[in-house]
Amino acid sequence: MSKRVAVVTGGIGGLGTEICKALAQAGRTVIAVDLDSREERVASFKQEMEGHDVHFAEADVADYQSCGALVRDIESRHGSLDILVNNAGITRDSTLRKMDRGQWDAVLDVNLGSAFNLCGHAVAGMQARGFGRVVNISSVSGQTGNFGQTNYAAAKAGLHGFTMSLAREVATKGITVNSVSPGYIETAMTGAMPTEVLTKITATIPAGRMGKPNDIARTVAFLTDDAAGYITGANVPVNGGLFMSF
Ligand code: NAD
């Protein structure tokens, strides 16, 4: 069997980089998809991935046409697109009263619209080949809500609904669709938060620490394994016990 081909959106970000590494170590050919607006970041990512079967492709996941072109290009270059990790995400935090329509649209388009844009183009090929793994990176904010994040929490909660619905549609075709909900993980996204806020949050985490990007990457590698075919429509919280539910 030829190597499975995996796409990781937001692939050069904090979590994306670790997910790319973990999937490459699991024997996948990996394509990190991201904006190429910051050339230095792309260059340092490529350097970090040297020796791994990891490639970079530029695309704006909020753009439906651009996602279609990307999927067609990957399928023709690599033969298939078997694993899709919808990880690209942004925040534009503000209380609702101060939030403008641009902040709402940007967050919904990148965090939720992207899942439609990519799955909409990638699932047909997965169905035809009888194998697929989709993982949508959501957030604990989508489960609990969060002050200043009506846009982000709505997008991340929406991903759960998307995940469960698509999982039902493709379950007989060898395709699983799951979401992973990280708690607070040490990346640039959380690094931008004020230290006193992070200290307060950490005090409420039963594990007593923030998560590491690899905590998420290991979960994604597990869910995208060929042997994980009976887990679908699930949400896997990776949050150190911050929010427990069943
Ligand atoms: P990050 O900012 O380090 O990485 C996000 C990546 O997405 C960046 O490389 C960015 O360039 C890319 N991106 C943004 N808009 C894009 C677009 N339109 N097209 C293509 N790529 C785009 O953030 P991260 O912490 O690695 O977060 C990754 C995912 O995990 C996000 O979906 C985020 O919401 C989620 N998450 C993160 C945390 C955390 O604590 N870090 C917690 C919960 C959920």
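Quick notes on the rules
Residues numbered from 1 in each chain as written. Predicted model: local features only at pLDDT ≥ 70, side-chain atom pairs only at ≥ 80, totals over all residues. Heavy atoms only, no water. Near = heavy atom within 4 Å. Polar contact = N/O pair within 3.5 Å; in protein donor to acceptor, adjacent residues only side chain to side chain. Areas by Shrake-Rupley, 256 points an atom, 1.4 Å probe, with all protein chains shown as cover. Helix = DSSP H or I, 4+ residues; strand = E, 2+ residues; numbered from the N terminus. Nonpolar A, V, L, I, M, F, W, Y, C, P; charged D, E, K, R; others polar. Buried < 20%, exposed > 50% of the residue type's maximum accessible area, 1.4 Å probe, protein only. Contact = heavy atoms within 4.5 Å. 1 Å grid on protein atoms, 1.4 Å probe; cavity = no way out; pocket = protein on both sides within 12 Å on 5 of 7 lines; lining within 4 Å. Points joined across faces, edges and corners; volume = space filled by probe spheres on them. Axes fitted to C-alpha atoms, helices over the stretch in contact; angles between N-to-C directions. Parallel < 35°, antiparallel > 145°, perpendicular 65-115°, else oblique. Left-handed = near helix turned anticlockwise from the far one by under 90°. Core = buried A, V, L, I, M, F, W, Y, C linked by side-chain atoms within 4.5 Å. Pairing = 2+ DSSP bridges. Right-handed = clockwise from strand over helix to strand, strands pointing away. Patch = residues over 30% accessible without salt bridge, like charges linked within 9 Å, V, L, I, M, F, W, Y side chains within 5 Å. Salt bridge = Lys/Arg side-chain N within 4 Å of Asp/Glu carboxyl O. Lys, Arg positive; Asp, Glu negative; His and termini not counted. Charge placed at Lys NZ, Arg CZ, Asp CG, Glu CD.

(A) A look at the site of the ligand. Near the ligand lie 29 residues; those nearest to it are L15, D34, R41, Y152 and T187. At a separation of 2.7 Å, an oxygen atom of the ligand approaches a polar backbone atom of L15. At 3.0 Å, a backbone N or O of V61 approaches a nitrogen atom of the ligand. For the ligand, the protein covers 93% of the area, taking 820 Å² as the surface of the free molecule. Elements supplying a minimum of two residues to the shell around the ligand: helix 1 (14-25), helix 6 (150-170) and helix 7 (188-191). Looking at the shell around the ligand residue by residue, the class counts come to 14 nonpolar, 10 polar and five charged.

(B) Examining helix 9 (residues 213-223) more closely. Residues of helix 9 that are buried include every one of P213, I216, A217, T219, V220, A221 and L223, and no others. Against helix 1, strand 4 (83-86), strand 5 (132-137), strand 6 (175-182) and strand 7 (235-238) lie the buried residues of helix 9.

(C) Just the layout of surface pockets, in detail. Estimated volume of the largest pocket: approximately 1200 Å³. Residue lining of the largest pocket: 45 residues in total, with G89, I90, T91, T187 and M189 positioned closest to the centre. Secondary structure elements with two or more residues in the lining of the largest pocket: helix 1, strand 2 (29-34), helix 4 (101-129), helix 5 (140-144), helix 6 and helix 7. The residue makeup of the lining of the largest pocket, split by class, is 21 nonpolar, 17 polar and seven charged.

(D) View of the packing of helix 4 against helix 6. Where helix 4 meets helix 6, the closest approach of the two axes is 8 Å, and the angle between their N-to-C directions is 15 degrees. With respect to their mutual orientation, helix 4 and helix 6 come out roughly parallel. Judged by the sense of rotation from one axis to the other, the crossing of helix 4 with helix 6 is right-handed. Across the interface between the two elements, Q103, W104, V107, L108, N111, L112, A115, F116, C119, V123 and Q127 of helix 4 pack against T150, N151, Y152, A154, A155, K156, G158, L159, F162, L166, E169 and V170 of helix 6. A class-by-class count of the residues in the contact of helix 4 with helix 6 yields 15 nonpolar, six polar and two charged.

(E) Quick look at the nonpolar core. Of all hydrophobic cores here, the largest spans 31 residues; its most connected members are V33, L81 and L84. Elements with a minimum of two residues in this core: strand 1 (5-9), strand 2, helix 3 (64-78), helix 4, helix 6 and strand 6. When neighbours within four sequence positions are excluded, V33 is seen to be in contact with V7, V8, T9, G10, G11, A57, A59, V61 and L70. Ranked by size, the runner-up nonpolar core spans 27 residues in total, among them V8, I12, A24 and V30.

(F) Representation of the environment of A22 in the model. Position of A22 relative to the elements: it lies in helix 1. C-alpha separation for the pair A22 and L84, spaced 62 residues apart in sequence, amounts to 14 Å. Those residues in contact with A22, other than ones at most four positions away along the chain, are A217 and A221.

(G) Focus on the sheet that holds strand 5. Taken in spatial order, the seven strands make up an open sheet running 3-2-1-4-5-6-7, and their pairing is parallel. Across the chains shown, the open sheet's two edge strands, defined by having one partner strand only, are strand 3 (54-58) and strand 7. Direction aside, neighbouring strands of the sheet carry axes that sit 20 degrees apart on average. Judged from the six bridges that link them, strand 5 and strand 6 form a sheet pairing that is parallel. Bridge assignment links N136 to a residue of strand 6, and that residue is S179. On top of the sheet, helix 4 reaches strand 1, strand 4, strand 5 and strand 6; it is set at about 170 degrees to strand 4, its chief contact.

(H) Spotlight on the pairing of strand 1. The element strand 1 is largely enclosed, with a buried count of five among its five residues. Handedness of the β-α-β unit built from strand 1, helix 1 and strand 2 comes out right-handed.

(I) Spotlight on a negative patch on the surface. Taken together, D36, E39, E40, E58, D60, D63 and D109 make up a surface patch of like negative charges. Among the structural elements, D36 can be located in the loop between strand 2 and helix 2 (39-48).

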